[in-house]
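Residues per chain are reported as follows:
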Amino acid sequence: MPYALSRHPACCQCKILRCNADYVAATLNLRGSNKDAAYCNALRSYSHCTRKTARTCRGDLVYHSAVHGIEDLMIQHNCSKEGPTSPPRPRPPAPNHQGFESLDICNYEKSFLYKHGQSPTYQHCAAFGDPHVRTFQDEFHTCRVEGSWPLLDNNYLFVQATSYLVAKSSNATATGKLTIIFKNMKECIDQKVYQAEIDNLPAAFEDGSVNGGERPGGSSLTIQERAPGQHVEIRAAYIGTTIAVRQAGRQLSFSIRAAEEVTRSFTEEQDLQLCVGGCPPSQRISRSECRHTGIATETARLLCKEKLPVEDVYFQSCVFDVVTSGDANFTLAAHGALEDAKMFHPDAEKLHIFQTGAGCCLISLPFLLGIVTSNLLAIQLRF
């Protein structure tokens, strides 16, 4: 040990403390057969360091104590004054004056962890089929919402679904167009617009690009085709968001996993968002009121059961859509929405939602007429 490792009084010139620190680092873990030679190397380096700072440390008691201590230690360990020295200790990198946020502001998860010391919380919303909407609060509605309605409208995202009537004899609608706007974020991305329509599910933004543009954080927004013409995924790492857009049959579906901080970033004027508040009460449909258009309830249940073994709201929605539309492809919409929920929902225990009395009547109209006719005949025979 050096003779002086005590706290040195503030001095802007003398660098004896650095010499002391280098010596301690060089001798801290000496082991093996060469430790004596390595120790002498460290003492010679220590001596060389004190000589370099001799002029600025003149009259400094700590410095003079270290010099005498080195001489004594070299005599004790039989070290020569001339010979090899220890390699210089690597200096830590210069501090980054830009700070963490300027480097990682376009990685929401890392930035949030740095600021708050924990990972962000996420929320999930989906719109599929009739459409059926699962809100960020895990409420589940079936809506008629014909025309254009906002699913999201906040400081970072705008998502609009445009729906059309599935059949003239039904109030049921389905999404035929989706418009997604990733709003301009100065440090990360240019504004990007994604638009999908039935039979046109592009794997690029409206301007033909597949990322967020030329800005330093442009790669924090990407688009990828999962299944040609059927499934596109958009990742927006700068806001901790992933979006899935699917086509199944004659309808489009939308699913999102977004950071809670992002989903809550809206004003009072942006209060109409189906993902936040669900469908307005006047636009909600009871799934128990199925209007048959060619496929009986029992048949629809069998078709849906193949892909959705759990009789939750996804199963009920599937039956409702197949019965009211007469299109068996709607089974794929509910199945796709459930698969997205498995990937996007932050709480696996809340994956399935159960609503009693919300499914289509299990008895088809022809079967019901048969029962009524049989009962009337039985009454007539009795009298």
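Only a predicted model underlies this, so the values are computations on that prediction, with no experimental measurement involved. (Residues numbered from 1 in each chain as written. Predicted model: local features only at pLDDT ≥ 70, side-chain atom pairs only at ≥ 80, totals over all residues. Heavy atoms only, no water.)

Asks: What is the right way to look at the sheet that holds strand 4 (residues 147-153) in this model?
Replies: Backbone-to-backbone hydrogen bonds pair the strands of a sheet. The strands run either parallel or antiparallel. Strand order in this open sheet of four strands is 4-5-6-7, and the pairing throughout is antiparallel. Of all the strands in the sheet, the pair left with one neighbour each is strand 4 and strand 7 (192-197). Each strand axis lies, on average, 20° off the axis of its neighbour in the sheet, ignoring direction. As paired strands, strand 5 (residues 157-165) and strand 6 (residues 173-182) are joined by nine bridges and run antiparallel to one another. Along strand 6, the bridge assignment pairs Ala-161 with Leu-178. (Pairing = 2+ DSSP bridges. Helix = DSSP H or I, 4+ residues; strand = E, 2+ residues; numbered from the N terminus. Axes fitted to C-alpha atoms, helices over the stretch in contact; angles between N-to-C directions.)

Asks: How should I be thinking about the nonpolar core in this particular structure?
Replies: As a rule of thumb, soluble globular proteins bury nonpolar side chains together. Within the largest apolar cluster, 45 residues are counted, with the highest numbers of intra-cluster contacts made by Phe-182, Tyr-194, Tyr-238 and Phe-254. Broken down by element, this core gets its largest block of residues, five residues, from strand 11 (residues 251-259). When near neighbours in sequence (up to four residues on either side) are disregarded, Phe-254 contacts Cys-125, Ala-126, Ala-127, Leu-151, Leu-152, Val-159, Leu-178, Ile-180, Ile-243, Ala-244 and Cys-275. Phe-140, Phe-320, Val-323 and Ala-341 belong to the second largest nonpolar core, which has 26 residues in total. (Core = buried A, V, L, I, M, F, W, Y, C linked by side-chain atoms within 4.5 Å. Buried < 20%, exposed > 50% of the residue type's maximum accessible area, 1.4 Å probe, protein only. Contact = heavy atoms within 4.5 Å.)

Asks: Would you mind going over the sheet that holds strand 8 (residues 221-227) with me for this structure?
Replies: Ordered in space as 3-2-1-11-10-9-8, the seven strands form an open sheet in which the pairing is antiparallel. Looking at which strands have only one partner, the edges of the open sheet turn out to be strand 3 (140-142) and strand 8. Sheet twist, expressed as the mean angle between neighbouring strand axes with direction ignored, is 10°. Here six bridges tie strand 9 (residues 231-236) to strand 10 (residues 241-248), and the two strands are oriented antiparallel to one another. Residue pairing for strand 10: Ala-236 is matched across the bridge by Thr-241. Contacting strand 1 (122-128), strand 2 (132-134) and strand 3, helix 9 (residues 313-325) runs over the sheet at an angle of about 165° to strand 2.

Asks: So what exactly am I meant to see when it comes to the pairing of strand 1 here?
Replies: Two faces belong to every sheet, and in a regular strand the side chains alternate between them. The buried fraction of strand 1 is high, at seven of seven residues. Burial along strand 1 is two-sided: the residues Tyr-122, His-124, Ala-126 and Phe-128 and Gln-123, Cys-125 and Ala-127 are all buried. Relative to strand 11, strand 1 runs antiparallel, the two being bridged by six bridges. Residue pairing across strands places Tyr-122 opposite Ala-259, the latter belonging to strand 11. When strand 1 meets strand 2, the two strands line up antiparallel, connected through three bridges. Looking at the pairing, Ala-126 lines up with Arg-134 of strand 2. Hairpin connection between strand 1 and strand 2: a loop of three residues separates the two successive antiparallel strands, and Gly-129 in this loop has a positive phi of roughly 65°.

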